[in-house]
Structures are given as structure tokens and as C-alpha cells.
Amino acid sequence: MPSRGEFNNKMEEANAIHLERYAPLQSPPGPDGRPNNNQDGFDDVAIEDVMYMEDADGETAEPGVNNIPKVETKVRNLHFNDGVKRIDYILAWSIKTKKLEEGKKAREIFEKNLKKEGIEIEYDLRGKEIHFAKLHAPYHVLNRYADILAIRMPMKEEIHLKSIMRRGMSLRDPDKHPATSVTLKMWDTVSGVGKRLLKPFQVDQTILPKKKKKYTCPYSSDKHYLFETTEDGQLEFTNAVRSRIVDYVLRRKAFKEDTQKAFSFGIKKMLNDGYYSAVYPLHEGHWKPGSFNNNRKILFDHWANWKNVLKYQPLDQIRDYFGEKIGMYFAWLGFYTNMLVPAALVGVFVFVYGLFIMNASTSSKELCNAKNITMCPLCDRQCPYWNVTDACSHQSASRIFDNDATVFFAVFMSFWGTLFLEFWKRRQAAIQYKWDLSNFVSEEEPPRPEYLSRLESWTTLKVNPITGIKEPYLPFWRRRFPVFLCSYAVMLFLAAVAIGAVVGVIAYRVSFLAALHVLEKRVVTDNSSGTAAIETVTLVYKNASLITTITAALINLLIILLLNIVYGYLAFWLTDWECLRTQTEYDNSITLKLFALQFVNYFSSIVYIAFFKGRFVGRPGKYNTIFGARQEECEPGGCLIELCIQLAIIMVGKQLIQNNFIEIVIPKLIKLLKKKCSKETRAQKLARTPWEKDYKLQEAQNNSLFYEYLEMVLQFGFLTIFCSAFPLAPLFALLNNIIEIRVDANKLITNLRRPMAERAADIGIWYSVLYGISRIAVISNAFIIALSSDFIPRLVYKMRYSPDHSAKGYLEHSLAKFNTSDFSPDHRPDPIYGHVEICRYRDFRNSYDHENKYEYSDVFWHVLAARLAFVCVFENVVIVLTSLVAWLIPDVPTLLKEQIRREAYITNEVILKTELMRAHGEEIDHHKVNAIMSDEETNNYETSMYGSQILLHRQTSI
């Protein structure tokens, strides 16, 4: 701990650097020839204040050192030198670039056009490598663009709403409305119990209060009287709206003299050309302990901090700080995580039920007690005969997942997937209404800067009918179609690579299993081998199948992670090659490619085990071979336990390695390494300006949410498509998502520059992907239960062949007999394993003494028919029922629809009456507007409006 004197020396050094770099003085023109007059953006502060409290940016230095009192720090400086004009955006550029003169000219034209638009600019040109321009949008610019963009602004406080609430409260009077009063009392009781149960998970309402929905309508300057204003009659713009308006201006200003072509427009094109190195709005303060309270710190302390890992999210505050697009992602992720709770509970119940019956089931007891059943070798020549009791542990473990509860869980998860999507649509509708997204219309998108850069020398131009600007035109059949054809051909090849990797893992399993058997043979026959070696090899041999399955799954996981890296680069390269015009087209194309490739990569090995392994093996004496080798076959316990192991390793391994290690551990290691390698002193760090500190953060990429959605959608696929094989999947997904929310929140708050507050009304194309997965899941689980488990064969045995309609005798019924004399010389086991006359194998075939020996028996056809019937019934019943549930649950609650219509009705009526009064020459003031609004009240809307308030509160309190 440094002494007070040492601490004072450090702070004096920081102040010296601060005063030297940022003293208010008239400086000579900077390298760009622009004025450089006290462009530091700092308020004057006393040296003694800085010495003990804060750095040049207002951040706490080292409070509490050696009993130095901890003093509350000042607010972060977010204003011009005058301390009044707020910094809405920062433009940064490097002075050490090859395009110095070209960039200087482009910036001069661009900034000149910004000033013509009314944007005020202040410069900070003191940096040795990076220079900054601070942008401020005056009120008249904000007002004009609010009118142009029809931004929804809050209307004046409505007297009629208070009146409705007063009359709505009268509905609770049992003398006036006895039936309604009983309903409200019941609702109050239920909601009260729910609130008490959920209270530990709620955020602190005193710090992060829930925001009430305000009536809003698109702003129009000629109807200024409708909107809330400050005391001086001006609109109050939020920081998100300010940055949105400035971003709109930045994307549409030219930086070249030729303004007739799309090549010379927009800040994104300038970033792509290297004229600017970064553009971003400032964070509103510091997040570190001891800093002054601000929106960023409040979000960190009560959202991103790990102590809030079980708390609900403050969605309104997230939306206000980061915008609707990021807010919608966290709303969806939080809703998805909440919906995982019942799925996890049911999955744990099914798993516990399986543990309870694993050793008590008749099939497990029969197999573990069958001492005299010799099984046929699992491979040619090198593999010995083996006793069926060797598969006792395997059979018992299979019963954990292969039981009657499996069917129930598959049906439950099918309904769960449907309910999740339907309830999300209702939740989304409530969010859209509260966040003014119900009537959201996307703006006309400009061309992507990368698109324009690639086609800057393209000679074929065409006038855009929307904007009237000349843009490059690529003929479809001559230019686009061949590229698309090649692109998707490459995608098919990449998918084939993933399938080839699965084939390689299959070859590993076959060869590794054979190698373990050869090892056992050599050790047992070697007289020099000790007892310990023999016991070890025997243990390995008995668990050869389990060892092979686990090691193969780990190898497959490693291959998957490596292929994902390759797929990521190639998918973006192919999409860039397609040269798509808008960002939406680009995002949809990359979504399709990456999701398809990763879906094949993650699920191909699981699909093989679930639907193909052991299906086309053949029989002893006539095995089906590929490249001269026998195919894999399932043990007497079935392939379901192997499917469970494969699914668990891939799903949990992906979450641990890719989601948590890469997103949590690696960034911390990189940050620690940079800190160790940095030669910057603490005094120099303290002297940084806010825009310098934010510039040091990582850039918030446009496609950052793409990877987050992709990660969760793949997880949803694991949960639903193969849920019958691994009932604990929802539990692992729930634990992962609880961590994921805080990881993403922490990254946004502490590691990334503040992104522009973009608007989005929904989760985009991902909803369609989720819906498609939920439909595929129904078919997949039907086939898994029918083909991979023993549920159908056991059911057929109980109903058709069992004397007492129980499972007793099923083991003997399911094993066919083979005479070893029918082995060909190339497939006969080595004589060292002894002579066995009759061996058994898992199949429904005629015995060796039947007239049609080794042909499929009648039992096989009965079981096959039952399997197909189960698939048809399960699939159609579940799809019909889930579709019925989806139809019964409206996408938008009825009361919410009435609320939206009511808001539109009142707004229109007020506008019509006030405009009529203005036409008659009357002046409109606040009192007249409120009087008009009060006059519009009718008793027809009392109940619906009060119910709407209850509904909105219910929907937004999740």
C-alpha cells in the first residue's frame, strides 16, 4: 500500500501531464489546418480536487489509500469546452496512415457538409497518433430530424388517464361491481403470492424503477402542442434518440465533390476506406467501484455484476442505454432462460425416475443374471465370444434414458417448444407496445460500404428508384447467378467435409475397439504378463465400448470446434464474394450459411448414432461391409446410451469451451497480458480524455448479436431435436444461459465501445429458424424413440408375445441364434478363444434350424410395423395438438390490441379537434388540449382501459 506522500506524488505527476496536455490556451492550427483552441473538453478543476479524487476524466484514482477520505467523484465530462453542449458522437482518425492527404480532403468535405446540416464540431488534435472530432446536434437539428424521421415522442400528461384510473378503481367497489371485485381480489391474491416468491430475484426498484408506458405519437412540428416539453417549451431528447439522429446524418452526408454516385456517401464508407478509424457515442460514465453514479455504473452494479446472476434484467434501462435492438436480444434471452426452468425440472424428474428403475427393471435383471448366453464376436477374427452379462452396466445405464418416461418427456418438450414460441410472441408484442415499436418500419437501407468499395471501378451503373443516386448494377444471370451457384456448391463441399469427419470418427471407433480386443488377446496369452496387467486389460476390455464412445466423442468435439473456425472464415468469404447490396441481405445470407454449416457440423455425428448405427449391419456369417470392414453395431442395451454420451459431450463441451472459456477466460488473459506489456504509466492513464478511453475499448461490431443468437439457436436444437436421448439437456442449458446473460452484459458494459442505439421490432429471421427447429424436433424424437430405443420392441413383446403381458423373457425373445459352423474362414474367430457351437446376436431373425434360417422373422415385421405406426401417430398427434395450442394462443393479447387502438383513437380525436380550433383562429395551449382529451372519455372504455393497464403491468413485469 503506497504512503500518502507517494500517492500525492503520483497524483501531482498526473496533474502535471493533464495541465501540460489540456491547459486552456490558444494553440496553433493542427495538422489538418483546423483550429485547435482548447479542444480538450475538460471543465476547470482545482489541483487539490484532482489530486485526491479523480483523473482527468472524472474517474476515481485511489480513494481510501492510507485513510485518505473517499470523496464522491465528479460526473464524467461529456460536453464541449463550454460545459453545456453535449457530445453526441466521436469521430476518430489516425494521422499515421498512407491515405493522409486523401483522407484529409475527404474529412474536410464531410465535416463541411455536417456543419451545413447544423452539426457543431469541436476538435482534439493533441494526440500523437489519433485525433478526434466531437459532434453536437443542436436543438433545432434534433427538432427538424425528429419531424423528418417521425420519431415517436411522449405526449403531454393525459388527464383522461388519471380519470380512467380513478373510475377503474371504483370497479373494486363490491357494492357497484360485485362480480368484477371478486375477479380482482382473486388476481390480487395470486399476483401477491407470485410477487413474494419472486421478490429475491427482482432488481432493486428504488434504483432501477419500472418505467411506465407513456402515450406517444410520431412527432410533427406543426402539432408541437401535443408533446411533453421542458419549461422553455423544448422537446426533451434522450441520449439514444440524439445519437440515432446524428448517426442518420452521418450515414447520408457526402465526402466527395461528386454527389451523384453512391461511392461518395456515408460515414461507414469512410470507415471502410480508412478516412476515419472509429466512430462511436461516448459511454455515460465509469463502471468501476468508487466512480460517480451514472447509467453505465448502475447497469454494471445491478445487471452485469456477477452478484446479480439470479436477478431479473432491467430491460427498460438496457433499452434506454443500448437501444431497442440490443434490448430485444436480452429480453428474448431472459425469456428463453425463464422458460427453461420448467423444462429443466421435468428433465431432472425424468432422469431421477430413470435412476430409480435402472436396476429394478425386468430387462436389466434378466441381462445381468443371464450366465449362459454367449454372444457372437463384435469384430472378425480378432474379437472373442463374450457373455451377455458383460453388458450389464451398459444395459442398466441405458434404462436411465430408455424407459416409459422418455416418451412423456419427448411429448412435453414438443409442447414446451411450441409454448415458448407462442408466449414469446405475446411477450414481444407487449415489449413492442411499451417501447413504441408496434408500428416500426425499417428505413430504406443504403448500400453496404464494402459493396461500394468492391465495385468502385464497376462501369455499369443504375439509378436507384428510391434514392435517385447512381449505384453499381450487377446483372443477375451474367454476374450474380454463377457466383451464387459456386458459393452454394462450396457450401455443399464443406458440409461433405463435416460428414467425412464423422466417417473418420466411425473408422476410429471400429479400429480402436478392435485394437482393444487384440491387446486383451496378447496380454492374456503372454505368460510374462503380471496379474495386475491382466486385471487392468480385462477391466479395459469389459468397458471397451464405453471407452471407445467417450474418446470418439471427445475427438469429434475437437474436430467440430476446429471446423467451426474454418466455416466462419469461409462463410464470410463466400458472402463477401456474392457482393450483396444491403446489410440486411448480407446478414440473412451469412445467417443461412453459418447456421446450415454449423448445424451439419454439430449434429451429423449425433444423427448417425440416432438413425443409422446398427441399422444395416447384417448378421453373423453375412455382415455388410464398407471398404472391407464391418459396420458398427449396437450392444444389447441399444444405441441410446451412446447417443446420450455423444450428445452430452458435444453440448456441454461446446458450452464450456466455446461459450465460457473463449468468452470469459481468454479475454481476461488478453487483458492481463496487455496490462503487463503496457509501458504506459498510471499517471498517463489518468490523464486520458473520455473519448481516448473509449477509443481503447474494442469496437462494437454490427454482427456481434449474430453470434449470440446463433449460439442460443443451436442450443435450442440440442434441447428439442434430441431431447428424448438426454433429459438433463435443459438443466445444462439453463445453467449456461444464466452465465451467458452476465457474460454478454459485462462485455457490453466494460469491454466494448458504446454501440449506436439501433431499433429493431423483433428477433428477425431467428424466429423462423426456431420455428423450423421445433417442427423438425417432433419428427426427430419420434424416430429416436422408434428406432434407437427398445421402447417399441418391448411394447410389442408385452402386447403380442409375452404370456403374462410383462417384460419377463424379453431378453431371450430379442436375441437370435447362430451356428458358428456357418462362419466363413475369413470371419471365423481365432481358435485361441475356444470353440462355441451356438452364439447369439441382437436381431429378430429365424434360428439356424429354421427352414428359412437367418431370414427376418415374423417378429421383425411386427416390430417394424409398430415402429412406423408409432412415428405416424406420434408425429401427427403432437403436430396437431401443438398447432391447436398455437392457434388458441393469440399473438397479441386482446386487451393490448384494445390499448393500441385506444391510443390511436384518442390521438386522432385530439388532433382533429385542435386543428379545427386552430382553423377557427383559436390559440392552442396545454389546458385546452387537456380539456379536449378529458371530453373524449366515454364509459365504453373504462373496463377495457383498466384491464389494459393490468395486462401491460403483467406482461412487462417478467
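Owing to the predicted nature of the structure, the values given are computational and were not obtained by experimental measurement. (Residues numbered from 1 in each chain as written. Predicted model: local features only at pLDDT ≥ 70, side-chain atom pairs only at ≥ 80, totals over all residues. Heavy atoms only, no water.)

Novice: Teacher, can you tell me more about the overall build of the chain here?
Specialist: The helix and strand inventory of the chain stands at 31 helices and 18 strands. Every one of the 958 residues in the chain was classed for burial, and the buried ones make up 52%. Partitioning the contacts of the chain with sequence separation of at least 6, the portion at a separation of at least 24 is 78%. Of the accessible surface of the chain, which amounts to about 45,200 Å², a share of 60% is contributed by carbon and sulfur atoms. (Helix = DSSP H or I, 4+ residues; strand = E, 2+ residues; numbered from the N terminus. Buried < 20%, exposed > 50% of the residue type's maximum accessible area, 1.4 Å probe, protein only. Contact = heavy atoms within 4.5 Å. Areas by Shrake-Rupley, 256 points an atom, 1.4 Å probe, with all protein chains shown as cover.)

Novice: Explain the state of the cysteines here, please?
Specialist: Each disulfide is one covalent bond, formed between the sulfur atoms of two cysteines. Summed over the entire model, instances satisfying the criterion amount to two disulfides. The disulfide that involves Cys368 links it to Cys392, with 1.8 Å between the sulfurs. Across the S-S bond linking Cys368 and Cys392, the dihedral sits near 90 degrees, which makes this disulfide right-handed. You can see Cys368 sitting in helix α12 (residues 362–369) and its partner Cys392 sitting in helix α13 (residues 392–401), a full 24 residues away along the chain. A residue is classified by how much of its surface remains accessible, and Cys368, at 19% relative accessible area, is buried. Between the sulfur atoms of Cys376 and its disulfide partner Cys839 the distance amounts to 1.9 Å. Disulfide Cys376 to Cys839: torsion about the S-S bond roughly 85 degrees, handedness right-handed. Placement of the pair is Cys376 in the loop between β9 (374–375) and β10 (386–387) and Cys839 in strand β18 (residues 838–842), with a sequence separation of 463 residues. In this pair, the class of Cys376 matches that of Cys839, namely buried. (Disulfide = S-S within 2.5 Å.)

Novice: I tried to follow the sheet that holds strand β3 (residues 89–94) on my own but got confused; where do I start?
Specialist: Through backbone hydrogen bonds, the strands of a sheet pair up, either in parallel or in antiparallel fashion. As summarised here, the arrangement of the four strands in space is β4-β5-β3-β8, forming an open sheet in which the pairing is antiparallel. Bordering the open sheet on either side are β4 (120–124) and β8 (278–280), each of which pairs with just one other strand. Going across the sheet, the axis of each strand differs from the next one's by a mean of 20 degrees, ignoring polarity. Direction of pairing for β3 relative to β8: antiparallel, over a ladder of three bridges. Counted as the bridge partner of Leu91 is Val279 from β8. Where helix α3 (residues 100–117) meets the sheet, it contacts β3, β4 and β5 (130–136), and its direction lies at approximately 140 degrees from that of β4. (Pairing = 2+ DSSP bridges. Axes fitted to C-alpha atoms, helices over the stretch in contact; angles between N-to-C directions.)

Novice: Got a minute to help me understand the pairing of β5 in this structure?
Specialist: Among the seven residues that make up β5, seven are buried, leaving the element largely enclosed by the rest of the structure. Here β5 shows no split at all, with Ile130, Phe132, Lys134 and His136 on one side and His131, Ala133 and Leu135 on the other all buried. Sheet analysis places β4 next to β5, joined by five bridges and oriented antiparallel. Following the sheet pairing, Asp124 is matched in β5 by Phe132.

Novice: What should I look at first to understand a positive patch on the surface in this one?
Specialist: A surface patch of like charges, here positive, comprises Lys668, Lys671, Lys675 and Lys676. Here Lys676 shows up in helix α20 (residues 640–677). (Patch = residues over 30% accessible without salt bridge, like charges linked within 9 Å, V, L, I, M, F, W, Y side chains within 5 Å. Salt bridge = Lys/Arg side-chain N within 4 Å of Asp/Glu carboxyl O. Lys, Arg positive; Asp, Glu negative; His and termini not counted. Charge placed at Lys NZ, Arg CZ, Asp CG, Glu CD.)

Novice: I'm lost on helix α28 (residues 858–888) in this one. Help?
Specialist: Along an α-helix, residues three or four positions apart point the same way, because every turn accommodates 3.6 residues. End to end, α28 covers 45 Å across 31 residues, agreeing with the expected 45 Å (1.5 Å per residue, within 8%). The set of residues buried in α28 consists of Val859, Phe860, Val863, Arg867, Phe870, Val871, Phe874, Val878 and Thr882. Looking at the buried residues of α28, the elements they touch are α14 (404–434), α25 (766–788), α26 (791–801) and α27 (810–814). (Expected span 1.5 Å × (residues − 1).)

Novice: Would you take a moment to explain the packing of aromatic side chains for this structure?
Specialist: Each pair of aromatic rings is reported with the distance of its centres and the angle of its planes. Under the definition given, this model contains 44 aromatic pairs. Between the aromatic rings of Phe110 and Tyr276, the centroid separation amounts to 6.1 Å while the plane-to-plane angle is 65 degrees, which identifies the pairing as edge-to-face. With Phe110 in helix α3 and Tyr276 in the loop between α8 (267–273) and β8, this residue pair connects regions lying 166 residues apart in the sequence. You can call Phe110 buried: its relative accessible area is 0%. Note on Tyr336 and Phe716: the rings are 6.4 Å apart at their centroids and 65 degrees apart in plane angle, and the pair reads as edge-to-face. One end of the pair, Tyr336, is in helix α11 (residues 324–357); the other, Phe716, is in helix α23 (residues 704–721), with 380 residues separating them in the sequence. (Phe/Tyr/Trp six-rings, centres within 6.5 Å; stacked < 30°, edge-to-face > 60°.)

Novice: Sorry, what's going on with the nonpolar core here?
Specialist: It is characteristic of soluble globular proteins that their nonpolar side chains tend to be buried jointly. Residues Trp332 and Tyr336 are the most contacted members of the largest nonpolar core, which totals 101 residues. In terms of residue count, α11 provides more of this core than any other element does, 16 residues in total. What Trp332 contacts, discounting residues up to four positions off in sequence, is Phe420, Trp424, Tyr709, Met712, Ile763 and Leu770. Membership of the second largest hydrophobic core comes to 48 residues, among which are Ala146, Tyr215, Phe237 and Ala430. (Core = buried A, V, L, I, M, F, W, Y, C linked by side-chain atoms within 4.5 Å.)

Novice: I would appreciate a short explanation of the side chain of His283 in the present structure.
Specialist: By secondary structure assignment, the location of His283 is in the loop between β8 and α9 (295–304). Looking at His283, its side chain comes within polar contact range of the main-chain nitrogen of Arg754, at 3.3 Å. Once residues lying within four places of it in the same chain are set aside, the contact partners of His283 are Arg76, Leu78, Arg296, Tyr321, Asp694, Leu697, Leu748, Ile749, Leu752, Arg753 and Arg754. (Polar contact = N/O pair within 3.5 Å; in protein donor to acceptor, adjacent residues only side chain to side chain.)

Novice: Quick question: what am I supposed to make of a nonpolar patch on the surface here?
Specialist: Residues Leu656, Ile657, Phe661, Ile662, Val665, Ile666, Leu669 and Ile670 make up a contiguous nonpolar surface patch of about 650 Å² in total accessible area. You can see Ile657 is positioned in helix α20. In this structure Ile657 comes out as partly exposed when scored by relative accessible area, which is 36%.

Novice: Is there a simple way to think about the pattern of salt bridges in this case?
Specialist: Working definition: two side chains of opposite charge can pair if their charged atoms are close together. Inspection of the entire model under this criterion finds 24 salt bridges. The salt bridge involving Asp273 is made with Lys269; its shortest N-O contact spans 2.7 Å. Separated by four residues within a single helix, Asp273 and Lys269 lie in helix α8, roughly one turn from each other. With a relative accessible area of 11%, Asp273 lands in the buried category. The residue Glu642 makes a salt bridge to Lys613 at a minimum N-O spacing of 2.4 Å. Residue Glu642 is located in helix α20, and its partner Lys613 is located in the loop between α19 (583–611) and β13 (618–619); the two are separated by 29 residues in the primary sequence. Comparing Glu642 with Lys613, the two get one shared label, buried. Shared partners join several salt bridges into a network, and the residues in it are Arg319, Asp320, Glu324 and Arg759.

Novice: What exactly am I supposed to notice about the environment of Lys817 here?
Specialist: Following the sequence through the fold, Lys817 ends up in strand β17 (residues 815–819). When its relative accessible area of 34% is taken as the criterion, Lys817 is described as partly exposed. The sequence separation of Lys817 and Tyr848 amounts to 31 residues, and the corresponding C-alpha distance is 6.3 Å. Dropping the residues within four chain positions of it, Lys817 is found in contact with Glu812, Ile838, Cys839, Arg840, Tyr841, Asn846, Ser847, Tyr848 and Tyr854.

Novice: Just to check I follow, could you spell out the confidence of the model for the chain for this structure?
Specialist: The predicted coordinates should not be examined in detail at positions where pLDDT is low. On average, residues of the chain score 76 in pLDDT, and 75% of them reach the 70 mark or higher. Low pLDDT (under 50) marks residues 159–177, which in the prediction has 34 contacts with non-local residues, meaning those over four places away or in another chain. Overall, residues 937–958 carries pLDDT values under 50, and its contacts beyond four positions in sequence, including any with other chains, amount to 50 contacts. (pLDDT = per-residue confidence, 0-100.)

Novice: Any chance you could explain α19 here in plain terms?
Specialist: Given a rise of 1.5 Å per residue, 29 residues ought to cover 42 Å, and the 39 Å separating the end C-alpha atoms of α19 matches this to within 8%. The sharpest bend along α19 reaches about 45 degrees and sits at Phe603. (Bend = angle between axes of the 7 residues up to and from the residue.)

Novice: Could you clarify how one ought to interpret the packing of α19 against α23 in this entry?
Specialist: Two numbers describe how α19 lies on α23: the axes approach to 11 Å, and their chain directions differ by 35 degrees. For the pair α19 and α23, the crossing hand works out as right-handed. Only Phe706, Tyr707, Leu710, Val713, Leu714, Gly717, Phe718 and Ile721 of α23 make contact with α19, whose side of the interface consists of Ile590, Thr591, Leu594, Phe595, Gln598, Phe599, Tyr602, Phe603 and Ile606. Its residues assigned to classes, the contact of α19 with α23 comprises 14 nonpolar, three polar and no charged. (Left-handed = near helix turned anticlockwise from the far one by under 90°. Nonpolar A, V, L, I, M, F, W, Y, C, P; charged D, E, K, R; others polar.)

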